[in-house]
Amino acid sequence: MIPVLQEWGRAQLAARVDDVLDVYAEAMDVARSAARSRRAVVAAHLERDGLRAVGALDGDRLVGIAYGYRGGPGQWWHDQVRAAMDPSLAAIWLDDPFEVCELHVRPPLQGTGLGRDLLTALLEGTAARTAVLTTPDRETRARAFYRAGGWTDLVLGLTFPGDPRSFAVLGLPL
Ligand SMILES: CC(C)(COP(=O)(O)OP(=O)(O)OC[C@H]1O[C@@H](n2cnc3c(N)ncnc32)[C@H](O)[C@@H]1OP(=O)(O)O)[C@@H](O)C(=O)NCCC(=O)NCCS
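Residues numbered from 1 in each chain as written. Predicted model: local features only at pLDDT ≥ 70, side-chain atom pairs only at ≥ 80, totals over all residues. Heavy atoms only, no water.

## Some thoughts on the pattern of salt bridges
Considering all chains together, one arrives at 15 salt bridges under this definition. Taking the shortest distance from any N to any O, the salt bridge between Glu 102 and Arg 38 comes out at 2.6 Å. One end of the pair, Glu 102, is in strand β4 (residues 97–105); the other, Arg 38, is in the loop between α3 (32–36) and α4 (39–45), and 64 residues separate them in sequence. Close ionic contact of Arg 82 with Asp 95 constitutes a salt bridge, the shortest N to O distance being 3.5 Å. Taken together, the residues span a long stretch of sequence, with Arg 82 in helix α5 (residues 76–83) and Asp 95 in the loop between α6 (87–93) and β4 at a distance of 13 residues. Each of the salt bridges in this network shares a partner with another, and the network as a whole consists of Asp 18, Asp 22, Arg 32, Arg 36 and Arg 39. (Salt bridge = Lys/Arg side-chain N within 4 Å of Asp/Glu carboxyl O. Helix = DSSP H or I, 4+ residues; strand = E, 2+ residues; numbered from the N terminus.)

## Observations regarding the side chain of Glu 99
One can find Glu 99 in strand β4. Within the buried set, Glu 99 has no salt-bridge partner at all; the shortest N-O distance to an opposite charge, 5.6 Å, is to Arg 48. What Glu 99 contacts, discounting residues up to four positions off in sequence, is Tyr 67, Gly 68, Tyr 69, Gly 71, Gly 72, Gln 75, Trp 77, His 78 and Val 132. (Buried < 20%, exposed > 50% of the residue type's maximum accessible area, 1.4 Å probe, protein only. Lys, Arg positive; Asp, Glu negative; His and termini not counted. Contact = heavy atoms within 4.5 Å.)

## Notes on the packing of aromatic side chains
Across all of its chains, the model carries four aromatic pairs by this definition. Centre to centre, the rings of Phe 145 and Tyr 146 are 5.1 Å apart; their planes meet at 70 degrees, and the pair counts as edge-to-face. With a relative accessible area of 7%, Tyr 146 lands in the buried category. (Phe/Tyr/Trp six-rings, centres within 6.5 Å; stacked < 30°, edge-to-face > 60°.)

## Looking at the nonpolar core
Membership of the largest hydrophobic core comes to 22 residues, with the highest contact counts inside it found for Val 100, Leu 118, Leu 119, Leu 122, Leu 123, Tyr 146 and Trp 151. When contributions to this core are tallied by element, the ones reaching two or more residues are β2 (52–58), β3 (61–70), β4, α7 (114–124), β5 (130–136) and β7 (167–173). By size, the runner-up hydrophobic cluster in this structure holds 18 residues, among which are Leu 13, Val 17, Val 23 and Leu 57. (Core = buried A, V, L, I, M, F, W, Y, C linked by side-chain atoms within 4.5 Å.)

## Focus: the site of the ligand
Close to the ligand lie 20 residues, the nearest being Val 105, Gly 113, Gly 115, Arg 116 and Arg 141. Between Val 105 and the ligand, the recorded distance is 2.8 Å, taken from a backbone N or O atom to an oxygen atom. For the ligand, an oxygen atom lies 2.7 Å from a polar atom in the backbone of Gly 113. In isolation the ligand offers 920 Å² of accessible surface; the protein chains occlude 72% of this area. Elements with a minimum of two residues in the shell around the ligand: α2 (17–28), β4, α7, β5 and α8 (141–148). In terms of residue class, the shell around the ligand is built from 10 nonpolar, eight polar and two charged. (Near = heavy atom within 4 Å. Polar contact = N/O pair within 3.5 Å; in protein donor to acceptor, adjacent residues only side chain to side chain. Areas by Shrake-Rupley, 256 points an atom, 1.4 Å probe, with all protein chains shown as cover. Nonpolar A, V, L, I, M, F, W, Y, C, P; charged D, E, K, R; others polar.)

## Here we look at the environment of Leu 118
Within the element layout of this structure, Leu 118 appears in helix α7. Relative accessible area serves as the criterion here: at 0%, Leu 118 is assigned to the buried category. Not counting the four nearest positions on each side in its chain, Leu 118 is found in contact with Leu 5, Val 54, Gly 55, Ala 56, Gly 64, Ile 65, Ala 66, Leu 103, His 104 and Val 105.

## Considerations on the sheet that holds β7
Pairing is mixed across the open sheet formed by seven strands, whose spatial order is β1-β2-β3-β4-β5-β7-β6. Among the strands making up the open sheet, the edge pair consists of β1 (4–8) and β6 (152–158). Pairs of neighbouring strands in the sheet enclose a mean axial angle of 25 degrees, with direction left out of account. Relative to β2, β1 is paired through five bridges, and the arrangement is antiparallel. Bridge pairing links Glu 7 to Val 54 in β2. In the packing of α2 onto the sheet, contacts are made with β1, β3 and β4, and the angle to β3 comes to roughly 100 degrees. In the packing of α8 onto the sheet, the strands contacted are β4, β5, β6 and β7, and the crossing angle to β5 comes to about 160 degrees. (Pairing = 2+ DSSP bridges. Axes fitted to C-alpha atoms, helices over the stretch in contact; angles between N-to-C directions.)

Structure (structure tokens):
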């Protein structure tokens with residue numbers, strides 16, 4: 001069955017947080033319990049300006065998710081990313097950004113064009129000038145996917161407090 005894309009409002013995203021985190025767990029290969037410990041993080045995102053979410057559904061089963069919001073100063077991720085950039089780079093990319101927070105496709109459906117369709121639908125509906133995101137700074141499927149979609153490397157080797165992993169900040173003009 002070909003998944004159907006559905007734009008969600010805040011209430012729909014809130015109602016399906018556990019499904020979102022299950023897709024995240026499967027796509028990122030982390031334990032479901034660890035993924036579900038991120039409930040509070042998603043709950044905080046529900047309050048953000050310009051929140052947009054697109055779910056991919058096979059019947060009622062969530063098989064892919066993309067969501068993000070209009071980020072700005074005072075928010076933890078935004079401030080960390082801004083601090084890692086030269087002010088002139090930040091002025092271009094972070095003055096009016098749509099921040100892609102999660103984009104995940106269940107493994108059996110990866111490589112079928114679903115990630116691209118989700119991201120296109122997510123970004124089509126925002127009036128922001130740029131899109132930005134972080135992804136692990138390694139040659140993953142996601143890195144190849146974003147490169148193919150025209151995303152540019154803005155910062156490499158970024159680390160967040162309390163997390164030993166290294167991230168890349170990527171940007172796309174909208
Ligand atoms: C990253 C992810 C969302 C991409 O979604 P996807 O459905 O697998 O990717 P798509 O099939 O839409 O790929 C679109 C294009 O990206 C490129 N691409 C995707 N995977 C690629 C790979 N492994 N190598 C090279 N190019 C790739 C191709 O150009 C592809 O276009 P094509 O099918 O016409 O060749 C998905 O693989 C995923 O959930 N991965 C695990 C979780 C993750 O890393 N999420 C992102 C965290 S920031």
